[in-house]
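# Fold and geometry: a report
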Amino acid sequence: MFYNEFERQRAEPAESEDAQQKQQLEEGYRLYIYSQPYQEDSYSPQPPAPACSQGHRSSLILETLEGGSICLTCFSNLISNSKSPTIHVSYALSQLSRALSHAPFLQILRTLHTHLLVSPLVSALSYFDDEQIARQTINIVLDLCNSCDPPVCGEFVARIADRLSSGALEWSRRQVYSLHCLGLLLSSEMHNSFAHIKDVQALFSNLMEGLQLPSEEIQGEIFFVLYKLSILYYDTKDGNGTDILHALCPKLLYLALEALIKTQRDDVRMNCVAFLLVLAQRGFFGNVSANDVSSWSSDETFMHLTGHDGPSLNILFAEAVKGSLLSSDDQVQIGTLDLVFHYLSWEGSPSKQIQVLVEEHIGDYIFEVLRLSECKDPIVNSCLQVLDLLSKSEQAFRQKLPIGFSTLVKVLHYVAKVPFHPAQTHTLNLLLHCLSDFPGIISTSHIVEIGHLLTELLKIHADSGTAMLTETFNMACSVFVALLRSPSSHDNSNLVISIQEASKHAIIASLSSCRTDPSQLLHALSALTEAYAYSQENSSLNMKLSKSIVGICKTHILPWIITAVDEMDDEEIVLGVLETFHSILLRDSDNQAEEFAEVLVSSHWFNLSFGCLGLFPTEKMKLRVYLMLGSIVDVIFGIDSGQSIRDAAIFLPSDPTDLLFLLGQKSSHNPELVSCQSAILLILYAASFHDDRLADEKLVLASLEQYILVNGNNFLIGAADSKTMTQLLNLYALSRAFANTNYQIPYSPEAENILLKIMVEKEWDLLSGRIHSTSLKWLFQQEKIRNFLSYQILELCRTNNSNGTNMIIHKKDYQYMDVRAIAELVASEDNFGAEIVVCLMRQLAQEEGQEQDLILVLNLMADIINIFPAAADQLCYHGISNGMNNLYCHSRMSSPDLFVAMALLTLTILRFVQPETILDEEFWLPISMKLMDYLTSTVAVDTWTHESLLVIGILSLMLHHSVNQLLTEASKILLLSTSLVPTFKNFIFAACSKGPALIDHDKETSTGETLVFVLLLQYFSLKR
């Protein structure tokens, strides 16, 4: 409800009025004819018989409750005569007002004589320049309108409007009362009062002329009437016909704005703003804003009256609202802000309007209002709505916005705590402009503060799931991104927790609402991507933050996309997830990318990627999938390993079946086809390590065989590089291994022979590339390439020796051909691994100049048994005992290094071999004799050496196996030997002679170590 002075006064106690009435009674002024008192319950509705002193007929005389009577004719003559004493008029009005409060009197008046009082009361409003009389008259009018039939109210409106719209009207202060009464009547919702106004255009015109009076009181009342009239006019106006206000608008707008500029009264401001708001909502400002004030009208009277021929409407408007914005009345401020909002938001309003208001510092005024608002909701909402519109003028507003930055942060403190607060979006939008346009002005403390507030805002949304509008959520994510890009956020350790929590809450909230609102997830993914980039650029925060972000991807996004992709109908969501994952793979400063790539491929990412291509077979999706697969290969297999996929991405089809068809084509004269086939092999190769099957195995094998058959000659002449051939070999071996487990899958012997022939002739290096364990086993099952595999094992031994390490590299689903892989093969019974190793040892033992290689192979066999103890049994099954016998007894090689390698292997075999696998005891007897001779001669010359201790260990294990009736002959020779008894006896005697000092010789000392071995031998001999 707008400000209304008279309405307020009407509600106040009228003590002075009662006193005046008492004085009038005492002075003997009488307008009434009294009769005998009567009781209200015996009151008769019939008028009294006596006439008044003026001789008026009795039907117009009504009795009052106090016992008197009122002559309506005398009353009408009194109040409608401008020369009547005001004290008489006031007294008469007070008595009528008192009588109207009694139901019987009001009933007669309403039934018979209501219309008689309309004209006199309207005249009284215009004839007397007396506020007391006006107040009394208005009260009576309102009482009659509220208690009588609607036509009475309509008649009052019509008569007052007629007076105000009369061409003979001369504006003066007296019209203020008529205006006020009309405003109150128009405000009444009980009657269709507007329909009783006969000449609306004349009324509007006269009211416009009245605005030129210097009286602020009259201007305020006129604005209120204009406000009510304009609302009622547009409520009743149909879409056709001329708009009365449109014809008056230019001049009316100027007069209203001029009045708003000059007034210092809040009630005038309120009513003026209310009226202008109606016009703004109807687009009147937009219709005339392009023209200067001087071009609004050619009426010379108007130009002479205003004396205004220069400033534009935009400037005039800006000046007009400044005073109202600084008003101490909240309602005036809110109304003014709403006016500015509609002034700027009307469709078709030129951007120049916004620019002019910004240049006239309206933004500064609004920021000041916001600063002093104490975060009151109505003011905050209105201020931010307008500021949001002003921000559309980027060039002009850009210089103004930083002034209110701290105020916006303060407002964010308030609105972030209130779910669905309407000002959240506008606040975040303005902060985004600040962060984007002026990243350098934001302090570190502000960065931390905003980060904390965004985290709280997103947490509330994630916890409740319905605490934020989509627009607000998306804006919060955008502000988060801008925050991370600000220079003040660099290496800010206080920001880390906020980044972690905000990223997590944003992802959780957006995933839960993705089905109904996918845009939230896209913005959350953008924020997550920026957070990961931030972690990589800030070295001091790298590890902790990047690990957290990758954890969000692994824990939340990856499981969600795996389960939801089949039901997904929005390509942008899938692309957003892929782009986010891809951005992590492209940054690998702290090994998080490698870990994440492992998680992806373990989750069958290759299969999922082609599933996405099946759902969305677009060029954009295809490029994203292949580029990401290339990056995964880069991370897993090394830098630039996936380049062939990236090079061929635009040529590759989306369907895996089409990929296999393309692979089976002859490619000698087509570079693009060669590139595609290399990429296809690489994709299948990378997917194979986690059993990620992109197509039926029968199709894969057939395609590989076709590729080999049609391009075999090219391979023989070296047309393919070693990486491609390694991938082909791995895939073919893997497919053949799968075919062996499913006998329904046929294969091509010709393709197999070609591939194995190429592998042998080109001496492929199996050590340089990764190969699936199943593929490696299939190769070791092929008897025709045993010599080639033997050579590869020897190369493995040489490589390990040159690197000084055993290179035991093993991962869950793929590996190199390393020591552990060979050990697994040797320990297994379904391949030639153990036989190949034993044959290699025998071959080297028979050749001259191979002592170093022989030592390497012996050490390899010892390592194999240590990794997989079951390998000792397989080596014994395939004749390792005979080979060791030949080495001990017949080898021409007798270097200390060779003897140590032989002894270590012998000791390892006897330690882990199962008794039932020692079948060739005849070979162990000469070995034991050779070892006893070695021990006797060595101890006699060099006392106890490392080699002698190894021999004692071997002899002890022989005695241990003899308990199970194995190696009995070798054990007998040892037990019956006389050459070793004195040696052991003398050593034990020498040790015991040390007495209590022997305790100082533990196993770490030479004496203690030797004593341990000798006593073990003694123990096993006694046990035997």
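Residues numbered from 1 in each chain as written. Predicted model: local features only at pLDDT ≥ 70, side-chain atom pairs only at ≥ 80, totals over all residues. Heavy atoms only, no water.

### Comments concerning the overall build of the chain
Check the secondary structure of the chain and you find 51 helices and 2 strands. Here the chain holds 1024 residues, and the buried ones make up 55% of them. Restricting the contact set of the chain to residue pairs at least 6 apart, pairs at least 24 apart contribute 73%. By element, 51% of the accessible surface of the chain is carried by carbon and sulfur atoms, the whole surface being about 44300 Å². (Helix = DSSP H or I, 4+ residues; strand = E, 2+ residues; numbered from the N terminus. Buried < 20%, exposed > 50% of the residue type's maximum accessible area, 1.4 Å probe, protein only. Contact = heavy atoms within 4.5 Å. Areas by Shrake-Rupley, 256 points an atom, 1.4 Å probe, with all protein chains shown as cover.)

### Examining empty space enclosed by the protein
One pass over the structure, following the stated rule, counts 7 cavities of 30 Å³ or more. For the largest cavity, the lining is made up of 13 residues, of which L684, S688, D692, R693 and E697 are closest to its centre. Only α35 (671–688), α36 (697–716) and α37 (722–741) provide two or more residues apiece to the lining of the largest cavity. Of the residues assigned to the lining of the largest cavity, the class counts are 7 nonpolar, 2 polar and 4 charged. (1 Å grid on protein atoms, 1.4 Å probe; cavity = no way out; pocket = protein on both sides within 12 Å on 5 of 7 lines; lining within 4 Å. Points joined across faces, edges and corners; volume = space filled by probe spheres on them. Nonpolar A, V, L, I, M, F, W, Y, C, P; charged D, E, K, R; others polar.)

### Focus on the packing of helix α24 (residues 444–464) against helix α26 (residues 496–512)
The contact between α24 and α26 brings their axes to 8 Å, and the two run at 30 degrees. Taken together, the axes of α24 and α26 lie roughly parallel to each other. Every pair of crossing elements has a handedness; the one defined by α24 and α26 is left-handed. Residues G451, H452, T455, L458, K459, H461 and A462 of α24 form the contact with α26, whose own contacting residues are S498, E501, A502, H505, A506 and A509. (Axes fitted to C-alpha atoms, helices over the stretch in contact; angles between N-to-C directions. Parallel < 35°, antiparallel > 145°, perpendicular 65-115°, else oblique. Left-handed = near helix turned anticlockwise from the far one by under 90°.)

### Some words on the packing of aromatic side chains
Counted according to the given criterion, the structure contains 15 aromatic pairs. Here the aromatic rings of Y732 and W778 are separated by 5.8 Å at their centres, their planes lie at 85 degrees, and the arrangement is edge-to-face. Of the two residues, Y732 sits in helix α37 while W778 sits in helix α39 (residues 773–779), which places them 46 residues apart along the sequence. You'll find Y732 and W778 in the same group, each marked buried. Taking the centre distance of 6.4 Å and the plane angle of 85 degrees together, the rings of Y888 and F899 count as edge-to-face. Highlighted residues: Y888 in helix α45 (residues 880–890) and F899 in helix α46 (residues 896–912), separated in sequence by 11 residues. Each member of the pair Y888 and F899 is classed as buried. Taken together, F204, Y233 and Y234 form an aromatic cluster joined through their ring pairs. Between R736 and the ring centre of Y747, over which it is positioned, the NZ or CZ distance is 3.5 Å. (Phe/Tyr/Trp six-rings, centres within 6.5 Å; stacked < 30°, edge-to-face > 60°. Lys NZ or Arg CZ within 6 Å of the ring centre and 35° of its normal.)

### Some words on the layout of surface pockets
The computed volume of the largest pocket comes to approximately 650 Å³. In terms of lining residues, the largest pocket is bounded by 28 residues, among which D721, S722, K723, T724 and Q727 are the most central. Every element with two or more residues in the lining of the largest pocket is listed here: α32 (619–637), α35, α36 and α37. The residue inventory of the lining of the largest pocket, partitioned by class, reads 10 nonpolar, 14 polar and 4 charged.

### Description of unusual backbone geometry
Non-glycine residue C375 carries a positive phi angle of around 55 degrees. Looking at where C375 falls in the secondary structure, it is placed in the loop between α19 (362–371) and α20 (377–390). The class for C375 is buried, based on a relative accessible area of 15%. Phi is positive for F420, which is not a glycine, with a value near 60 degrees.

### Focus: the pattern of salt bridges
This structure, assessed with the given rule, holds 28 salt bridges. Between R786 and E835 there is a salt bridge, with its nearest N and O atoms 2.7 Å apart. Here E835 lies in helix α42 (residues 833–846) and R786 lies in helix α40 (residues 786–803), a separation of 49 residues in the sequence. Classification of R786 as buried rests on a relative accessible area of 16%. Assessed through its relative accessible area of 24%, E835 is described here as partly exposed. Bridged by salt links that share partners, the residues E319, K322 and E360 form one connected network. (Salt bridge = Lys/Arg side-chain N within 4 Å of Asp/Glu carboxyl O.)

### Structural notes on the environment of D364
Tracing the backbone shows D364 in helix α19. Under the relative-accessibility criterion, D364 is labelled partly exposed at 24%. Taking the C-alpha atoms as reference, D364 lies 7.1 Å from K400; in sequence the two are 36 residues apart. Sequence-distant contacts of D364, defined by excluding residues within four places in its chain, comprise K400 and I403.

### Looking at helix α7 (residues 131–147)
An ideal rise of 1.5 Å per residue puts 24 Å on 17 residues; α7 measures up with 24 Å between its terminal C-alpha atoms. Burial analysis of α7 places 13 of its 17 residues in the buried class, which makes it a mostly covered element. Structurally, the start of α7 carries an N-cap: the backbone nitrogen of Q132 is 2.9 Å from a side-chain oxygen of D130. (Expected span 1.5 Å × (residues − 1). Polar contact = N/O pair within 3.5 Å; in protein donor to acceptor, adjacent residues only side chain to side chain.)

### Digging into the environment of S493
For S493, the position within the fold is in the loop between α25 (470–485) and α26. When the C-alpha atoms of S493 and V448 are compared, they prove to be 9.5 Å apart, with 45 residues separating the residues in sequence.

### Thoughts on the side chain of Q592
Inspection of the secondary structure puts Q592 in helix α30 (residues 592–602). Not counting chain neighbours up to four residues away, the residues in contact with Q592 comprise Y532, M543, S546, K547 and V550.

### A short note on the packing of helix α16 (residues 313–325) against α19
One can describe the packing of α16 onto α19 by two numbers: an axis separation of 10 Å at closest approach and a directional angle of 15 degrees. Taken together, the axes of α16 and α19 lie roughly parallel to each other. For the crossing formed where α16 meets α19, the hand is left-handed. Contact residues: A318, V321, K322 and L325 in α16; I362, Y365, I366 and V369 in α19. Looking at the contact of α16 with α19 residue by residue, the class counts come to 7 nonpolar, no polar and 1 charged.

### Let's talk about the confidence of the model for the chain
In low-pLDDT segments, the atomic positions of the prediction should not be examined closely. On average, residues of the chain carry a pLDDT of 82, and 85% of them reach 70 or more. Confidence drops under pLDDT 50 across residues 1–49; counting only partners more than four residues distant or on other chains, this segment forms 90 contacts. Under a pLDDT of 50 for its full length, residues 290–308 has, in the predicted model, 28 contacts with residues more than four places off or in other chains. (pLDDT = per-residue confidence, 0-100.)

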